[in-house]
Every structure is written in C-alpha cells, then in structure tokens.
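Per-entry structural report
One letter stands for each residue in the lines below.
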Amino acid sequence: MKKALFLAIALFMSVMANAKDIKTLIFSTQPEMHCQGCENRIKDALKYENGIKDIVTDRQKQVVTITYDADKISQDKIYDILKKTGYTCTEKPAEKKDE
C-alpha cells in the first residue's frame with residue numbers, strides 16, 4: 001500500500017514538473033493585414049521560433065492568434081520579432097464565447 005501511494009505521488013510530481021505554461025496571445029497589427037502576403041510574413045517570422053505552437057491569422061477580423069509556451073518564449077519577444085518585420089502589435093482581449 002505504501003509503495004503504491006509513493007508511486008502515485010512520484011508520478012504526480014513528475015507530471016507537474018513537466019507541465020508547460022501554454023498561453024494564447026491575441027493582437028492586431030499595424031499596418032493592417034491586407035493580403036495573403038501579409039499573413040505569410042507574420043507566420044514566416046514566427047513559425048520556427050522555439051516555443052511557438054500555433055499561429056492563426058484572420059484578415060477579416062484583423063487579428064492574429066498565437067499559442068506559445070511561455071517557458072520558452074515571452075510575449076515581448078514575439079512582439080520584438082514582429083517589430084523587426086515591420087509590424088507593431090496591439091493586444092486584444094479574448095472573444096467571449098456565447099453559451
């Protein structure tokens with residue numbers, strides 16, 4: 001019984017130690033995205049950065065959504081990378097889903 005409890009605690013601790021801090025960042029860009037090329041430039045600037053999990057651009061809503069591992073890359077680093085490609089970013093609140 002003690003071994004099983006010890007193993008359960010050890011397993012729980014190892015899972016918690018490896019937990020990732022996955023975050024989502026939603027922002028608009030200036031200048032606005034007006035074509036597929038703009039969307040590709042944003043995606044290309046970030047797609048190989050360590051910690052970036054997903055990049056979704058929405059030209060109609062003028063919104064970029066990035067899912068990233070905050071243990072590997074910071075929000076400021078993401079903004080700095082995009083600034084080097086000619087875009088400034090303004091953070092947007094997450095849209096609320098209708099329930």
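First, a word on what this report is: a plain description of the structure on this page. Keep in mind that what you see is a predicted model, and the values were worked out from it rather than measured.

Brief notes about the overall build of the protein
Looking only at helices and strands, the protein features three helices and four strands. Each helix (α) and strand (β) of the protein, taken in turn from the N terminus, gives the series α-β-α-β-β-α-β. Put simply, the protein has 99 residues, and 27% of those count as buried. A separation threshold of at least 6 residues defines the contact pool for the protein, and within that pool the share at least 24 residues apart is 63%.

Examining the pairing of strand β2 (residues 52-58)
Every other side chain in a regular strand lies on the same face of the sheet, so the side chains alternate between the two faces. Strand direction decides the pairing type here: β2 and strand β3 (residues 63-69), joined by six bridges, are antiparallel. Across the sheet, D54 pairs through a bridge with T67, a residue of β3. Adjacent in sequence and paired antiparallel, β2 and β3 are bridged by four residues, among which Q62 carries a positive phi angle near 60°.

Regarding the packing of aromatic side chains
Taken as a whole and assessed by the stated rule, the structure comprises one aromatic pair. Seen in terms of ring centroids, F27 and Y79 are 5.7 Å apart; in terms of plane orientation they differ by 90°. Their pairing is edge-to-face. Of the two residues, F27 is situated in strand β1 (residues 22-30) and Y79 in helix α3 (residues 75-84); the sequence distance between them amounts to 52 residues. A single burial state applies to F27 and to Y79, both of which are buried.

Quick word on the environment of T85
Mapped onto the secondary structure, T85 falls in the loop between α3 and β4 (88-91). With relative accessibility at 26%, the residue T85 sits in the partly exposed group. In contact with T85, other than residues within four places in its own chain, are R41 and A45.

Things to note about the side chain of D69
Tracing the chain through its elements places D69 in strand β3. Take D69: its relative accessible area is 2%, and that puts it in the buried class. For D69, the residues in contact, after removing those within four places along its chain, are K20, D21, I22, G51 and K53.

Basis of the calculations
- Residues numbered from 1 in each chain as written.
- Predicted model: local features only at pLDDT ≥ 70, side-chain atom pairs only at ≥ 80, totals over all residues.
- Heavy atoms only, no water.
- Helix = DSSP H or I, 4+ residues; strand = E, 2+ residues; numbered from the N terminus.
- Buried < 20%, exposed > 50% of the residue type's maximum accessible area, 1.4 Å probe, protein only.
- Contact = heavy atoms within 4.5 Å.
- Pairing = 2+ DSSP bridges.
- Phe/Tyr/Trp six-rings, centres within 6.5 Å; stacked < 30°, edge-to-face > 60°.

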